[in-house]
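# Summary of structural features
This is what each chain is made of:
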Amino acid sequence: MNCNKFLVIDDDPITRQLLSEILCSVDGFETDVACNGILGVEKARENKYEIIFTDLSMPEMNGLGVLKEVQSFNPHLPVVVVTGLSTIDVAINVMKEGANDFITKPFKVNTITSTVERILGEKKLLDQMRVRANYQETVERLNSELFKKLQKINLLQAINTEINAIYENSAIYQPIVEMASKLLLVREASFGIVEDGYFKIKKAVGVKEKDLPIKGTFFETLIKSKSYYMANPMEVNPLTNIPLEYSFVAFPFLVKDEVFALLTLSNKVDGSSFTDDDISLALTLVNNTALRMENNVLYEIVYNSLVNSLRALVISIEARDPYTRDHSERVMAYALQIAEVLNLSDEEKDAIKFGGYLHDIGKIGIRDGVLLKPGRLTEAEMDDIRQHPVIGDNILKPLMFFPKERELVRYHHEHYDGSGYPDGLAGEQIPLIARILAVADAYDAMTSTRPYRLAMSHEQALAEVMRNVNRQFDQKVVDAFLQTPVGSGVESKEDLLTSLGVESINGKA
Ligand SMILES: [Fe+2]
């Protein structure tokens, strides 16, 4: 028996009113409201409703609580969860708990009405089937539909997790095309960026990668509207200009309210048109990916600005002491050569590239009287100097971007036999990249002229390094150094920076 009533449970009065207005537009239906979960459950016990719409995040009793309570006294009453996009993962879990569907804020009228129509249709069928005693068969059919929907939602969740783990935007192009075509089951998909008046297709499935002009085309309308657009079967395919014989839809990717990329999907494998469910799945994927891409851009901006500030700090330290000019750059270059011989990972080489450059950044905290003293240092002054790895580590620590680089900065004066500073680590306790840097740092210091002594020759410096194997240095690292172009004497230290194409910080290679 139909009661033609919905119940809306939401603690936010605006959402409550908006949703109830939309629901009242369904012919012959009324809407009851409740301002919290407890009152909502009470109403659901006392009255008959066709569907309950409940907000997910509410104080005292949340949407999940409402769902469980309602299931306990009326397991057949459909419950639809209302959620913000940011809690979509939670909404998926709530569906697994037995919610009939979920809708996201802000509302789209046709999404809500089609959800209502679907649920009422299924409910009607269920009621009829119950009367005809074909209940089991109907439940199985509905269950299989629900299963398919859940499969898609699980796939979407897996895709979102994968996209969120990609930190470089260009690395997202391929997976987004593949995943979107898998999710929506289409034969053709393309992803491209909007640049210089063109839609430049970067990756595609079943479509040619090319640049298409935007002005006066379908893409211009799409970019201006900032909303997805589904082409009618009578229109031409905007990618080929051939009349469409199948469904075609395109989605804009927005960053800071500007369209920067487009995704097109067309030619569904089963020949059908895109449904509201398809669009809603694709929109969730597109919005999540756009957010990831925006975060990547912001991350890069923040990272680059930090890198530039730290570089400026290193330049200012080296400018204080002309005898150490370009020292950091050379140490980084020697260390990189050793890393090549030892076949280190790209991640470790990257840490050496920047961390090697930063290794003495803590010297900014050492006063000129000590740092620039031409003669022998007193024991107290040596203690001051020994603080620089810790000062450097403290500079990088709050920036959070450079965990590996911090290891280099903190441990580059540790000795293999444990006699170094600041922590007295020994052997393998010292990170390999820091053991590498120790050799590179010592070699460069010895082969550079200082106010109190002339530079050693390459051979003298090598002999000194080898004399200190297993005391100051790791045998494995010294062996590797001897195989590098500089360590083996094939390349002079002057030629090194030029050959590596490293930009010199002081304008000289
Ligand atoms: Fe140092």
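See the structure shown above.
Description of the structure in this document. All values derive from a computational prediction rather than experimental measurement.

The rules behind the values
- Residues numbered from 1 in each chain as written.
- Predicted model: local features only at pLDDT ≥ 70, side-chain atom pairs only at ≥ 80, totals over all residues.
- Heavy atoms only, no water.
- Helix = DSSP H or I, 4+ residues; strand = E, 2+ residues; numbered from the N terminus.
- Buried < 20%, exposed > 50% of the residue type's maximum accessible area, 1.4 Å probe, protein only.
- Contact = heavy atoms within 4.5 Å.
- Axes fitted to C-alpha atoms, helices over the stretch in contact; angles between N-to-C directions.
- Parallel < 35°, antiparallel > 145°, perpendicular 65-115°, else oblique.
- Left-handed = near helix turned anticlockwise from the far one by under 90°.
- Nonpolar A, V, L, I, M, F, W, Y, C, P; charged D, E, K, R; others polar.
- Salt bridge = Lys/Arg side-chain N within 4 Å of Asp/Glu carboxyl O.
- Phe/Tyr/Trp six-rings, centres within 6.5 Å; stacked < 30°, edge-to-face > 60°.
- Pairing = 2+ DSSP bridges.

## Notes on the environment of K96
Relative to the elements of secondary structure, K96 occurs in helix α4 (residues 88–96). Its relative accessible area of 47% is what places K96 among the partly exposed residues. The spacing of K96 and L150 is 54 residues in sequence and 8.1 Å in space, taken between C-alpha atoms. Aside from chain neighbours lying at most four places away, what touches K96 is L150, N154 and Q157.

## Side note on the packing of helix α17 (residues 458–467) against helix α18 (residues 475–483)
At a minimum axis separation of 10 Å, α17 and α18 run at an interaxial angle of 160°. On the basis of their axis angle, the class for α17 and α18 is roughly antiparallel. Helix-helix and strand crossings are classified by hand; for α17 and α18 the assignment is left-handed. Touching L462, V465 and M466 of α17 are V478, F481 and L482, all from α18. Here the residues of the contact of α17 with α18 are counted per class, giving 6 nonpolar, no polar and no charged.

## Here we look at the pattern of salt bridges
Under the definition given, this model contains 27 salt bridges. With a closest N to O distance of 3.3 Å, K226 and D257 form a salt bridge. Linking K226 in the loop between α8 (218–225) and β9 (229–231) with D257 in the loop between β10 (248–255) and β11 (258–268), this pair joins segments that are 31 residues apart in sequence. Where D384 meets R367, a salt bridge forms, and the shortest distance between an N and an O atom there is 3.2 Å. Of the two residues, D384 sits in helix α13 (residues 379–385) while R367 sits in the loop between α11 (346–358) and α12 (368–371), which places them 17 residues apart along the sequence.

## Considerations on the packing of aromatic side chains
One pass over the structure, following the stated rule, counts 15 aromatic pairs. Each ring, one from F6 and one from F53, has its centre 6.0 Å from the other, and the planes form 85°; the classification is edge-to-face. With a gap of 47 residues between them, F6 in strand β1 (residues 5–9) and F53 in strand β3 (residues 51–55) connect regions that are remote in the sequence. With centroids separated by 5.3 Å and ring planes inclined at 65°, the aromatic side chains of F218 and Y229 adopt a geometry described as edge-to-face. One end of the pair, F218, is in helix α8; the other, Y229, is in strand β9, with 11 residues separating them in the sequence. Note on F218: relative accessible area 14%, which makes it buried. These aromatic residues form a ring-pair network of at least three members: F199, F218, F219, Y229 and F248.

## Focus: the pairing of strand β7 (residues 198–205)
Bridge count between strand β6 (residues 186–195) and β7: 7 bridges; the pairing is antiparallel. Bridge pairing in β7 links E195 to Y198. What sits between the antiparallel neighbours β6 and β7 is a turn of 2 residues, in which D196 has the positive phi angle 50°. By the bridge criterion, 3 bridges tie β7 to strand β8 (residues 211–213) in an arrangement that is antiparallel. Counterpart to K200 in the pairing with β8 is D211. In textbook terms, the turn of a hairpin is the stretch between consecutive antiparallel strands, and for β7 and β8 this stretch comprises 5 residues, one of which, G206, has a positive phi near 70°.

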